[in-house]
Amino acid sequence: MHKITAYFSTPGKSADPAVLEESFRNHYRDFRALLTANNSALDLMAAMELALTRGRPFGMAFVRGQCTAMTVNVYKMIHNLQQISDGRYQDLNPAFEKISARIEEILARQPEVAPGEYILPLSQISKEDADAVGEKLANLGEVHNRAGLVIPAGFAITASATQYFMHSTGLQDEINRLLKTVDLDDIEALYTTSARIQRLISAAPLPEDLERQIMESYRSLPEKDGAGPLISMRSSATEEDGSGASFAGQYRTQLNISEDSILETFKEIVASKYGSQAIIYRHQRGFRHQDVIMCVGCMVMVDAAVSGVMFSRSPRDTSSSLVEINAAPGLGRRVVEGTADTDYFQVYREDPTEVCHRGPGNVSTYLTPEKQRELAGIAISLEQHFGVPQDIEWSIEDGGRVIILQSRPLAQLAQGDSLLINDSDIRGKDLLMRGGLSVSRGTAFGPVFRVRGNLDLLEFPKGAVLLVEHPMPEWASLMNRAAAVISETGHAATHLAIVAREFGVPAIFGLEHALEHLDNGTEVTVDADSRRVYRGKREEILSRAVPPPNLMVGSPIYHILEEIMALVSPLNLTDPSSPFFRPSQCETLHDLTRFCHEKAVDQMFTFGKMSGFDAKAAKQLVGESPFQWWVLDLDDGFREGFDVKNKYVSWDDIVSEPMKAIWDGMTVKPWLGPPPVSMKGFGSILFRSTMNPSLDPAVRASLGNRNFFLISRNFCNLSMRLGYHFTLAEAYLGELLTENYVSFQFKGGAADRSRRFTRVYLLREILERYGFRVEVKLDALTARIEKKPKEYLIERLKVLGYLLIHTRQIDMVMGEQSMVDRYRNSIIGDLDEIAEPEPNGGG
């Protein structure tokens, strides 16, 4: 190797041809390995960016896996470049280590719980204590201590207490191990794992000092009938009841708990963090398990004559002037589970009078017009206090006192058209059912699947319409699988309705006799907007469906990936001619891949010249072309018998299939030269030259202004740069689909920002039309196709070849829409003769 290095440092000096041939083979092997790693890195980068935009849930396993694979591939590129260049680019190592360490730091970051009291009385809690006691209890304390409303007497067992308990068990590592191995699509395995974790927690002993503090706090509560009171114990996990995620019904609440059951119930509620529906909910909403710490509220039971849920504004329209109230006799549990016959009231906000009442009338004795006005006034005051519409649980005692049990931000119905379909448009026999309440808007199609218990739940197929008698909270574990929900009972205030709205799953509740009329397996279209169910697939209805919400946006895992992508995706090193194109300027993994790719090509291109090795020296292509081209034969890209000492190569000497395809596209239509430029367009060029000296064509690199092909029979790497344009095209065409790909990068232009961007958008439209996966960032475009047959990719390479020639310099005339339209139509007209557009492509 020293011998080779010595010869490389002496341009033009020749070595033993056999030694040089072996050295070139090693360089070529490392070069191909570098390209493979580069392609893998770009694929991983695209997948990570797609995860941020497509709206499907992803967990930390995905984020960690992608980051690990990404850094491994970038490290391989650096290693291979060092091999090719004899260690010339050692400065890449500290740049890589700095970026990797920053990514590791983000991945390892854990939520911090400030040490604090294990017990806090509700009378001392306010909204600022959300980190200590969870949003639910913090809001409840705020309701009492600042909004001046009545809540039950009680206390909170804090996040510090739960962490103390969990640390004392030593179970967390085992729990993490179980969670990492569970398949969330395997409901049975999920239930088994969930049950195992909950048993482990429930069986663990509490620390004695924590036991003592909990029981002392209980005994400080006011007695009832000369004895300790029965209490309710409610979950209040951190992140629960936030404005972004309600966690409605996901954790356990226990009522009528006596003194001897308090400690066991506390552990059961802590364990309910790992309930199957809660695990799925967190995954769907982008929460890590460690982001959520369970706190528990202990409150004296209310002697409720009437209980219910009210919305300070309609969840269908937050600009409405109505307060909505659902109520039933007794405790509110059956109201939120949807198992009680409720009375429903609408009350004007401005002049609190009843405008609507429907239901069995079971609560009319207690919910008089005066009490309705009082409830409406409370709802409005809480909305004003918290600054957003509220979803409020309440009870009324026998004596008429209103007690607030919970107040959280109102989850709205999905936005979208709510047009009713004219029944005359649908044949009568296709309308299976109508009625009920639209509790989550939208339309969906799927086979009906009835769920009556856990055994049915385990068999629920993905994409089916969930049909139930009651909207129990535990059915929420199916929200990631259900196309729609139909329930015979229930209303918009149930926990399942809230979760359905969050997930954007259309739902009709209160559809009586649905179990009788809808058979298992019947394919139906559910139109929750018009509260109708149709037989079969009704495209005219489904076409109104709005895209589901991106549940990940704003979540902790989403933020982690966003932060990591700032160290992965931005491309700052775009111009190889710039003096700033060097390792110390690499700020992202993308910069490192770009630098490695460019310098690897440079090394391969100059190998023959540096070693005086004619067989691997670049040859100038001879032929009719408005540009100059150089070709380097990496392996069998020239015909057999070609004279390697010749400085020129003709078209007939080329046997590289991808290069020939690109060249065919370049020459299939004559290039008429640059478009005529207006004075305005010409002025933008001059202005850009003065603003960005790194783009000055006078700043040259060894290959900066050359157009060159690196080829073998199945491979081609093309680099083009004329003036302000920079383009890379690369392809491998083999017999194995898994190895085949075409990639394309384009950046730059001479015109101003608006014109350059317009050209990039035009390129995106055209490339998508022919099946490319395209990503655009500012004026940079990348496009890829992988794993397609060779014949298909040859057509796409011809498309690229055409675009490489015919879109040059058109950015200067992109200031006029008529010119944009003219070039679009002309280009597409030509390209449609070259390649078949994709049925779902752009254009």
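Not measured: the values here are computed from a predicted model.

Further remarks concern the pairing of strand E7 (residues 322-329). With respect to burial, E7 is a largely interior element, seven of its eight residues being buried. Where E7 meets strand E8 (residues 343-348), six bridges bridge the pair, whose relative direction is antiparallel. Its bridge partner lying in E8, Asn 326 is registered against Tyr 344.

Along the polypeptide, Ser 712 turns up in the loop between strand E23 (707-711) and strand E24 (715-722). Here Ser 712 falls in the buried class, since its relative accessible area comes to 4%. Ignoring sequence-local partners within four residues, the contact set of Ser 712 consists of Tyr 28, Asp 635, Asp 636, Gly 637 and Ser 656.

At a minimum axis distance of 11 Å, the contact between helix H23 (residues 790-806) and helix H24 (residues 817-831) shows a crossing angle of 145 degrees. For the pair H23 and H24, the sense of crossing is right-handed. Touching Val 799, Tyr 802 and Leu 803 of H23 are Ser 826, Ile 827, Asp 830 and Leu 831, all from H24. Counted by class, the contact of H23 with H24 contains five nonpolar, one polar and one charged residues.

Glancing now at the packing of aromatic side chains. Within the structure shown, the criterion is met by 16 aromatic pairs. Their ring planes at 45 degrees and their centres at 5.8 Å tell us that Tyr 281 and Phe 503 sit as a pair that is tilted. Placement of the pair is Tyr 281 in helix H11 (residues 276-285) and Phe 503 in helix H15 (residues 495-503), with a sequence separation of 222 residues. In this structure Phe 503 comes out as buried when scored by relative accessible area, which is 8%. One aromatic cluster is present, built from ring pairs that chain together Trp 629, Trp 651, Trp 663 and Phe 709. Just above the ring of Tyr 274 sits the side chain of Arg 282; from NZ or CZ to the centre is 5.9 Å.

For the rest of this paragraph, the subject is empty space enclosed by the protein. For the structure shown, the criterion picks out six cavities of 30 Å³ or more. Space inside the largest cavity adds up to approximately 110 Å³. In this structure, the largest cavity is lined by 14 residues; those nearest its centre are Asn 38, Leu 42, His 597, Leu 728 and Gln 745. Looking at the lining of the largest cavity element by element, the count peaks at four residues for helix H19 (residues 589-611).

Applying the stated criterion to the full structure yields zero disulfides. No disulfide involves Cys 596; its sulfur sits 7.4 Å from that of Cys 586, the nearest cysteine. Cys 596 gets classed as buried once you look at its relative accessible area, which sits at 0%.

Moving on: helix H7 (residues 172-181). Those residues of H7 that sit buried are Ile 175, Leu 178 and Leu 179. For H7, the arc enclosing every buried residue in end-on projection is 95 degrees, short of the 170-degree limit, so these residues lie on one face. Opposite the packed face of H7, turned more than 90 degrees from it, sit the exposed residues Asp 173, Lys 180 and Thr 181. Close packing links the buried residues of H7 with helix H6 (159-169), helix H8 (187-203) and H11.

This brings us to the pattern of salt bridges. The tally for this structure, following the rule as stated, stands at 42 salt bridges. With a closest N to O distance of 3.8 Å, Lys 127 and Glu 135 form a salt bridge. Its relative accessible area of 36% is what places Lys 127 among the partly exposed residues. Judged by its relative accessible area of 22%, Glu 135 falls in the partly exposed class. Salt-bridge contacts for Lys 790 lead to Glu 735; the nearest nitrogen and oxygen are separated by 3.4 Å.

Cut-offs applied
- Residues numbered from 1 in each chain as written.
- Predicted model: local features only at pLDDT ≥ 70, side-chain atom pairs only at ≥ 80, totals over all residues.
- Heavy atoms only, no water.
- Buried < 20%, exposed > 50% of the residue type's maximum accessible area, 1.4 Å probe, protein only.
- Helix = DSSP H or I, 4+ residues; strand = E, 2+ residues; numbered from the N terminus.
- Pairing = 2+ DSSP bridges.
- Contact = heavy atoms within 4.5 Å.
- Axes fitted to C-alpha atoms, helices over the stretch in contact; angles between N-to-C directions.
- Left-handed = near helix turned anticlockwise from the far one by under 90°.
- Nonpolar A, V, L, I, M, F, W, Y, C, P; charged D, E, K, R; others polar.
- Phe/Tyr/Trp six-rings, centres within 6.5 Å; stacked < 30°, edge-to-face > 60°.
- Lys NZ or Arg CZ within 6 Å of the ring centre and 35° of its normal.
- 1 Å grid on protein atoms, 1.4 Å probe; cavity = no way out; pocket = protein on both sides within 12 Å on 5 of 7 lines; lining within 4 Å.
- Points joined across faces, edges and corners; volume = space filled by probe spheres on them.
- Disulfide = S-S within 2.5 Å.
- Arc of directions from axis to C-beta.
- Salt bridge = Lys/Arg side-chain N within 4 Å of Asp/Glu carboxyl O.

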